[in-house]
Amino acid sequence: MSTQVTGTLDAHGAAGRPRDHDHKPRGLARWLFSTNHKDIGTLYLLFSLAMLFTGGSLAMVIRAELFQPGLQFVDPHFFNQMTTVHGLVMVFGAVMPAFVGLANWMIPLMIGAPDMALPRINNWSFWILPCAFAILLSTLFMEGGAPAAGWTFYAPLSTKYSGDSTAFFVLAVHLMGVSSIMGAINVIVTIWNMRAPGMGWMKLPLFVWTWLITAFLLIAVMPVLAGVVTMVLTDKYFGTSFFDAAGGGDPVMFQHIFWFFGHPEVYIMILPAFGIVSTIIPTFARKPLFGYESMVIATASIAFLSFIVWGHHMFTTGMPVVAELFFMYATMLIAVPTGVKVFNWVATMWRGSMTFEVPMMFSLAFIVLFTIGGFSGLMLAIIPADFQYQDTYFVVAHFHYVLVTGAVFGIIAAVYYWIPKWTGVMYDERLAQVHFWCSLVSVNMLFFPMHFVGLAGMPRRIPDYALQFADLNAFMSIGGFLFGLSQLLFLWGVVRCMRGIGDKATDRVWEGAQGLEWEVPSPAPYHTFDTPPVVK
Amino acid sequence: MSAHRSLINKLLLACAAMFAFGFALVPLYDVFCDITGINGKTDKVAAAAPDRVDRGREVSVEFLATHDPAVAVDFAPETARLRLNPGELQLVSFVVENRSDQPIVTTAVPSVSPGEAARHFMKIECFCFQEQPLAPGERKLMPVQFYVDPELPERFKNLTLSYRLYRSVGQRASR
Ligand code: HEM
Ligand SMILES: [Cu+2]
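Please read all numbers here as calculations on a predicted model, not as lab measurements.

Draft legend 1. Layout of the overall build of chain B. A tally of regular secondary structure across chain B gives two helices and nine strands. Taken from the N to the C terminus, the helices and strands of chain B come in the order α-β-β-β-β-β-β-β-β-β-α. Relative to the globule expectation of 16 Å for 175 residues, the C-alpha radius of gyration of chain B, 22 Å, shows a markedly less compact shape. Viewed in the frame of its principal axes, chain B has a C-alpha envelope of about 75 × 50 × 25 Å. Per-residue burial over chain B gives 43% buried out of 175 residues.

This is the structure in structure tokens:
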């Protein structure tokens, strides 16, 4: 596509109803029973923010314990609960719901639809989530504690050696899965059937494209996750032997099934962020995105390849060499479409007239730091190297670069970018810049040294460590606390906007902004695009 | 709307299919491992007798025995290590002793490493083909009769046959 979606409205395409028709129910009932995509989007985003701080507190416990060698604050079993629940909360509670929230808010606005296709399902898929996490988090206060087998809950850790929290854990994961699947169906049906006239496939904004592909990934792998947790449940409580060698099962099979879900899952957590960055960079470079078609194709090929690389998590399980080689080359192949994306982002900025508002800053940090995570991924994909890196902090460094400075930075960028449209006021740019720089410095203090201690052999998921790692761990812990504190600035900025404190936002908000979402007033009225706009 | 309906149905069908696929991975995994022998599993039924002996080379076979710590037995191979020619029939025994005052029914799970050699490891008779009941305090010799297939690729010079002993699933369920 040579031109971005300009999304001009024709004469009878009213952008939104006049304000005084802006009926909405009041009070708690509005939120409990809402079928409005903007309300539900807000709920998802606030839930995700709450989970970010919940999961973050658990990470603070981890970093406090690791501040010094030896056992300081918590016993090893509790430490394992912290790493496990931290991972589960961040993956299923913070990152995924944030993307669903953004999808809810933005996809109808971007494609000129009045709402999501299935509003009541939408309400359900949100309200299941707090229930799921109440169940999961309640195990922290039970006798025997929360699940402690890692967010990857390998058998037999999760079957033979787990506590009774396993039953709660399985139920919680089932609920999260149902919620994600309903959300994904909603996204697909919306994009498939509800595009405004003239909004052809190759005119879709990239955020919509990446979400469409993500939704298909969710449909393909969340049921597999449901299957594997069911097997864990029946192995533990009903005498089956899926993963128990005594009864003819095989614990290694757990890893195959889990990672068949798990690797596509990591792309579920990054593809929408690719879409966000592909939206923000052109706005602040004031140039159309370079290589729109290649972005779409790259996203689709990443999604496809993500199904055939799961073995790279299992190099040390004793796979035959041919299988290892297959998984190694397939994994490295993913770097090609990923590289295409990075190239396109950089090319978009080339000779653009750039400005550096905070959404742009987070997007730029995303490009650099996500790429670092990609490179460490490539190192991990090299079989003999992975034999050394496997289960060390190097892996932790890798996935935090792609997930925190990748996915989470992408989400933060999106929030700053669209919050004027949501609330009608500009966020405080000074505060946001401080938030950005504090986050940038502290996140690197926190995660960069993990590469070094990992290469030197510090194992992950261990509450104690050898003395030679002490200095770097203290340094990382300080980075961790600072990063945690920095996010309070984010919270403050968001709360300010929600309470309407700040300069009034214009409808277009950003000078270089393109797309239908900017055609409606700020804040976006409760009902938009009741008559579909016509996209030229 | 019917356009929504039909799309939703297709997507739900896809979900159901993927859920089923998750479970189908279990037999698929077994079949795949059976064909390729890559996870070190050996056949659960008796192999045919060897038709020739390859005197031209020797392979060494080590024997290992471990048991689930929850099962009160002693379990060890009588012979730690053997050198043999491919195709040569051998008989080794494993000794098991019930250290408890309860009857125990055991199952032994065999594994050959390197895994790719597993399908060239031919057992004519093995205690692992059946569950083995042990009276309280009983000590028992459990034989394995096997040979290494002469088709074993040249690069395999050392093989390990290991067994891990568990309480049988049937006895676990009835307890
Ligand atoms: C160029 C792209 C990438 C490559 C080549 C790559 C490669 C790898 C490899 C080989 C491992 C296994 C390391 C081990 O356990 O020894 C791994 C782990 C991991 N990767 Fe990536 N990766 C890439 C991108 C991503 C992205 C985009 C994400 C998520 C947004 C991600 C998330 C993870 C996670 C969460 C783990 C650790 C899972 C665990 O054991 O807990 N990776 N990656
Ligand atoms: Cu992976």
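Draft legend 2. The sheet that holds strand β4 (residues 90-98) of chain B, seen in detail. Residue and element names in this part refer to chain B. Taking strand neighbours across the sheet as the criterion, the four strands line up as β2-β4-β8-β6 in an open arrangement whose pairing is antiparallel. Each edge of the open sheet is held by one strand with a lone partner, namely β2 (73-77) and β6 (121-126). Adjacent strand axes in the sheet meet at a mean angle of 25°, parallel and antiparallel pairs treated alike. Strand direction decides the pairing type here: β6 and strand β8 (residues 139-148), joined by five bridges, are antiparallel. Following the sheet pairing, Lys 123 is matched in β8 by Phe 146.

Draft legend 3. Main features of the coordination of the copper ion (ligand 2). Residues and elements named next belong to chain A. Only His 263 (ND1), His 312 (NE2) and His 313 (NE2) from the protein reach the copper ion (ligand 2) as donors, at distances of 1.9 to 2.1 Å. Each donor residue of the copper ion (ligand 2) lies on one chain, and together they are spaced H-x48-H-H. The iron atom of ligand 1 is placed at 4.5 Å from the copper ion (ligand 2). Taken together, the residues His 263 in helix α7 (residues 251-268) and His 313 in the loop between α9 (292-305) and α10 (321-349) connect sequence positions 50 residues apart. Classification of His 263 by relative accessible area gives buried; the value is 6%.

Draft legend 4. Seen up close, the state of the cysteines. Residues and elements named next belong to chain B. Tallying each qualifying case throughout the model produces one disulfide over all chains. A sulfur-sulfur distance of 2.3 Å marks the disulfide that ties Cys 126 to Cys 128. When the S-S torsion is 130°, as for the bridge of Cys 126 with Cys 128, the disulfide is right-handed. No difference in accessibility class separates Cys 126 from Cys 128, as the two residues are buried.

Draft legend 5. Inspection of the interface of chain A and chain B at higher detail. On the side of chain B, 27 residues touch chain A, which itself brings 37 residues to the contact. Carbon and sulfur atoms supply 76% of the area that chain A and chain B bury against each other, a total of about 2,500 Å² over both sides. The largest share of the area that chain A buries against chain B comes from Ala246(A), Met253(A) and Pro320(A), three residues that together contribute 18% of it. Across the contact surface, chain A and chain B share one salt bridge. Where chain A packs against chain B, one counts three residue pairs in polar contact (both at pLDDT 80 or more). Secondary structure elements with two or more residues in the side of chain A that touches chain B: α5 (165-193), α6 (206-237) and α7 of chain A. With nine residues, α6(A) is the single largest residue contributor to the side of chain A that touches chain B.

Draft legend 6. Up close: the domain arrangement of chain A. Residue and element names in this part refer to chain A. Each assigned domain of chain A is listed with its residue range as follows: domain 1 (39-262) and domain 2 (270-522). Distance between the C-alpha centres of domain 1 and domain 2: 19 Å. Counting residues at the interface gives 52 residues for domain 1 and 55 residues for domain 2. Across the domain 1 to domain 2 interface the summed buried area is about 4,800 Å²; carbon plus sulfur atoms make up 79%. Our count for the domain 1 to domain 2 interface comes out at zero salt bridges.

Draft legend 7. Here's a closer look at the pattern of salt bridges. Tallying each qualifying case throughout the model produces 11 salt bridges over all chains. The salt bridge partner of Arg286(A) is Glu511(A), with a shortest N-O separation of 2.5 Å. Residue Arg286(A) is found in the loop between α8 (271-285) and α9, and its partner Glu511(A) is found in the segment after α15 (470-498); the two are separated by 225 residues along the sequence. Among the residues examined, Glu511(A) registers a relative accessible area of 63% and is labelled exposed. Several salt bridges share partner residues, and in doing so they unite Asp54(B), Arg57(B) and Glu154(B) into one network.

Draft legend 8. Region of interest: the domain arrangement of chain B. The domains assigned to chain B are domain 1 (1-36) and domain 2 (59-167). The centre of domain 1 of chain B, based on its C-alpha atoms, is set 38 Å off from the matching centre of domain 2 of chain B.

Draft legend 9. Fine view of the coordination of the iron atom of ligand 1. Within the protein, just one atom coordinates the iron atom of ligand 1: His398(A) (NE2), at a distance of 2.1 Å. Mapped onto the elements, His398(A) comes out in helix α13 (residues 393-423).

Draft legend 10. The side chain of Gln132(B), seen in detail. Residue and element names in this part refer to chain B. You can see Gln 132 is positioned in strand β7 (residues 132-134). Polar side-chain contacts of Gln 132 include one of 3.1 Å to the side chain of Lys 140. The residues contacting Gln 132, other than those within four sequence positions of it, are Ile 104, Val 105, Thr 106, Phe 127, Lys 140 and Met 142.

Draft legend 11. Molecular detail of the packing of α8(A) against α10(A). Residues and elements named next belong to chain A. Two elements in contact, α8 and α10, have axes separated by 9 Å at closest approach and are oriented at 15°. For the element pair α8 / α10, the angle class is roughly parallel. Crossing of α8 over α10 shows left-handed handedness. Seen from α8, the contacting residues are Phe 274, Val 277, Ser 278, Ile 281, Pro 282 and Ala 285; seen from α10, they are Lys 341, Trp 345, Thr 348 and Met 349. When grouped by side-chain class, the residues that make up the contact of α8 with α10 number seven nonpolar, two polar and one charged.

Draft legend 12. Main features of the site of ligand 1. Residues and elements named next belong to chain A. Lining the immediate environment of ligand 1, one finds 23 residues, of which Trp 151, Asp 386, Gln 390, His 398 and Arg 460 sit closest. Residue Trp 151 places a side-chain N or O atom 3.0 Å away from an oxygen atom belonging to ligand 1. A distance of 2.9 Å separates an oxygen atom of ligand 1 from a polar atom in the side chain of Arg 460. Broken down by secondary-structure element, the contributors of at least two residues to the shell around ligand 1 are α7, α11 (358-381) and α13. Here the element with the most residues in the shell around ligand 1 is α11; it accounts for six residues. When the residues that make up the shell around ligand 1 are grouped by side-chain class, the tally is 13 nonpolar, eight polar and two charged.

Draft legend 13. How the structure looks around α6(A). Residues and elements named next belong to chain A. Taking 1.5 Å per residue as the helical rise, α6 with its 32 residues ought to reach 46 Å, and the 45 Å between its terminal C-alpha atoms agrees with that figure. Along α6, the sharpest change in direction is near 30° and occurs at Ile 219; proline Pro 223 comes one to four residues later. Burial runs high along α6: 28 of the 32 residues are buried. Phi turns positive one or two residues past the end of α6, at Gly 239, with a value near 75°.

Draft legend 14. Examining the packing of aromatic side chains more closely. All names here are of chain A. One pass over the structure, following the stated rule, counts 57 aromatic pairs over all chains. Between Tyr 416 and Phe 490, the ring centres sit 5.6 Å apart and the planes meet at 70°, which makes this aromatic pair edge-to-face. Of this pair, Tyr 416 sits in helix α13 while Phe 490 sits in helix α15, placing them 74 residues apart in sequence. A relative accessible area of 5% means that Phe 490 is categorised as buried. Between Tyr 417 and Trp 510, the aromatic rings sit 6.0 Å apart at their centres with planes inclined by 5°, giving stacked as the arrangement. Placement of Tyr 417 in helix α13 and of Trp 510 in the segment after α15 is noted, with a sequence separation of 93 residues between them. Across the pair, Trp 510 and Tyr 417 agree in class, each one buried. Over the ring of Trp 201 we find Arg 195, and its NZ or CZ is 3.9 Å from the ring centre.

Reading guide: rules and limits
Residues numbered from 1 in each chain as written. Chains lettered and ligands numbered in written order. Predicted model: local features only at pLDDT ≥ 70, side-chain atom pairs only at ≥ 80, totals over all residues. Heavy atoms only, no water. Helix = DSSP H or I, 4+ residues; strand = E, 2+ residues; numbered from the N terminus. Rg over C-alpha atoms; globule rule 2.2 N^0.38 Å. Buried < 20%, exposed > 50% of the residue type's maximum accessible area, 1.4 Å probe, protein only. Pairing = 2+ DSSP bridges. Axes fitted to C-alpha atoms, helices over the stretch in contact; angles between N-to-C directions. Donors = N, O, S within 2.8 Å, 3.2 Å for Na, K, Ca; no water. Disulfide = S-S within 2.5 Å. Contact = heavy atoms within 4.5 Å. Buried area = accessible area lost by both parts, 1.4 Å probe. Salt bridge = Lys/Arg side-chain N within 4 Å of Asp/Glu carboxyl O. Polar contact = N/O pair within 3.5 Å; in protein donor to acceptor, adjacent residues only side chain to side chain. Domains from an automatic or database assignment. Parallel < 35°, antiparallel > 145°, perpendicular 65-115°, else oblique. Left-handed = near helix turned anticlockwise from the far one by under 90°. Nonpolar A, V, L, I, M, F, W, Y, C, P; charged D, E, K, R; others polar. Near = heavy atom within 4 Å. Expected span 1.5 Å × (residues − 1). Bend = angle between axes of the 7 residues up to and from the residue. Phe/Tyr/Trp six-rings, centres within 6.5 Å; stacked < 30°, edge-to-face > 60°. Lys NZ or Arg CZ within 6 Å of the ring centre and 35° of its normal.

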